[in-house]
Amino acid sequence: MNELEIQIQKYRNLVEQALKKVLQEKDLPQQQVLEAMRYSVGAGGKRIRPVLLLAFCEGCGGDVEKAAPFAAAIEMLHSYSLIHDDLPCMDNDDMRRGKPSCHIQFGEALALLAGDGLLNRCFEVMLFSCLTVGQNGIKAAVTLSKAAGVMGMIGGQVLDLEMEEKTVSKEQLLTMYHLKTGCLLSAACRMGCELAGAVPEISQTAEEFGDALGLAFQIVDDLLDLYGDAKILGKPTGSDLENQKTTFATLCSREEAKAYASELTKKAKLLLNKMGLSTGPFLYELTSQLLEREK
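The structure displayed is predicted, hence computed values, not measured ones. Residue numbers here run from 1 along each chain, matching the order of that chain's written sequence. Where local features are concerned, this predicted model is filtered to residues with pLDDT of at least 70; where side-chain atom pairs are given and counted, the filter is 80 or more; whole-chain, interface and lining totals use all residues. In computing side-chain values, all of the structure's heavy atoms are included and hydrogens and water are not.

Student: Can you help me understand the overall build of the protein chain in this one?
Tutor: A helix here means a DSSP run of H or I that spans at least four residues, while a strand means a run of E at least two residues long, and both kinds are numbered starting from the N terminus. Looking only at helices and strands, the protein chain has 15 helices and 2 strands in total. Here the C-alpha radius of gyration of the protein chain, 18 Å, is about what a compact globule of 295 residues would show, namely 19 Å. For the protein chain, the spread of C-alpha atoms along the principal axes amounts to about 50 × 50 × 40 Å. Categorising residues by exposure relies on relative accessible area from a 1.4 Å probe, with only protein chains included: less than 20% of the type maximum marks a residue as buried, more than 50% marks it as exposed, and the intermediate range marks it as partly exposed. Expressed as a percentage of the 295 residues in the protein chain, the buried residues total 53%. Should any heavy atoms of two residues lie within 4.5 Å, those residues are considered in contact. Within the protein chain, contacts between residues separated by at least 24 positions form 73% of all contacts whose residues are at least 6 apart in sequence. Residue-level accessible areas treat just the shown protein chains as cover; the underlying method is Shrake-Rupley with a 1.4 Å probe. Total accessible area computed for the protein chain in this model is approximately 13,800 Å², and 53% of it derives from carbon and sulfur atoms. The charged-residue count follows a simple rule in which Lys and Arg add positive charge and Asp and Glu add negative charge, with His and chain termini not counted at all. Note that the charge is assigned to NZ on lysines, CZ on arginines, CG on aspartates and CD on glutamates. Positive and negative side-chain charges in the protein chain, numbering 31 and 40 respectively, have mean positions lying 4 Å apart. We compute the radius of gyration over the C-alpha atoms and compare it with the globule rule, which gives 2.2 Å times the number of residues raised to the power 0.38.

And the structure:
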């Protein structure tokens, strides 16, 4: 492994340990819902949001061990959103990360409850951790609450549904992407800074970095859905076309979409340089890798 992969693995190991700890309830009367929660969280994925949280925390001089429960929390929240996204009433996807979606494996009702369970467990874990990390933890929990709610991710999901089978402008699409994808990535970056006790200016710049990265990330996702390899992605391609969704891959040419994602990546890197974090080189390389990813 190269240095980037070693550092990513270091952060992922912290996240996996934290997730295992917070999802190990043994006395739960209904173990099946916990099994469904573990199934979705344990399906793999890039863990990009918790990795960003830990990298920004460490870059600002924070303690990544104390931040690990918050990293686990944001991954649980992300997993809950994927469970609900895959449901027939939403995107109706049967595969997720190379495995049957939660509702295919456990049924729609239990999948819905597993998503609810992950969402509630996410905030339980953060609030309990605030007893140890104090005010900085409260700030981070508030940041995630705002990013995940109707003014953030959920609001973006609503816009996404409303835009189906409609003519959508580039500006409308960017607004939806900012809310649905950018807000959670921005929150991860800001939370890492807040947990480390960084000054507000650094937290704000980290949030701006996360938003630029999030938009680029979503555009790459659009391109992969249309042009990617289903075997590498671990899910069928072409779902956006089937659902008659306007995406950057359908609104623009492949070259134009790539160029815009590259422009956003450059903006993110400039913001990184502005912050001067100790983990800046790692985050710089990670930002480049996400632009070139195949899944």
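That was the structure; now back to the text.
Student: What's the story with the layout of surface pockets in this structure? I'm lost.
Tutor: If a probe as big as a water molecule is rolled over the atoms, it shows which places are left empty. A 1.4 Å probe that fits but cannot get out identifies a cavity on a 1 Å grid over protein atoms alone, an open set with protein on both sides within 12 Å along at least five of seven lines counts as a pocket, and a residue lines either if it has an atom within 4 Å of a point. Grid points are joined across faces, edges and corners, and a volume is the space filled by probe spheres set on the points. If you add up the space inside the second largest pocket, you get close to 390 Å³. Lys-21, Val-22, Pro-69, Phe-128 and Ser-129 are, among the 16 residues lining the second largest pocket, the residues nearest its centre. Listing elements by their share of the lining of the second largest pocket, those giving two or more residues are helix 1 (3–22), helix 4 (64–86) and helix 6 (108–133). The element that contributes the greatest number of residues to the lining of the second largest pocket is helix 6, accounting for 7 residues. Charged residues are taken to be Asp, Glu, Lys and Arg, nonpolar residues to be Ala, Val, Leu, Ile, Met, Phe, Trp, Tyr, Cys and Pro, and polar residues to be all remaining types, Gly included. Looking at the lining of the second largest pocket residue by residue, the classes come out as 8 nonpolar, 3 polar and 5 charged.

Student: Sorry if this is basic, but what is going on with the nonpolar core here?
Tutor: Among soluble globular proteins, nonpolar side chains are generally buried collectively. Remark: nonpolar core denotes a set of buried residues (Ala, Val, Leu, Ile, Met, Phe, Trp, Tyr, Cys) joined through side-chain atoms within 4.5 Å. If you look at the biggest cluster of nonpolar residues, it comprises 76 residues, and the most contacted ones within it are Leu-52, Phe-56 and Phe-209. Here this core gets 12 residues from one element, more than from any other, and that element is helix 4. Ignoring anything within four residues of it in the chain, the contact list for Phe-209 reads Leu-52, Phe-56, Cys-189, Ala-268, Leu-271, Leu-272, Met-275 and Thr-287. With 20 residues, the next largest nonpolar core counts Leu-173, Leu-215, Leu-224 and Tyr-260 among its residues.

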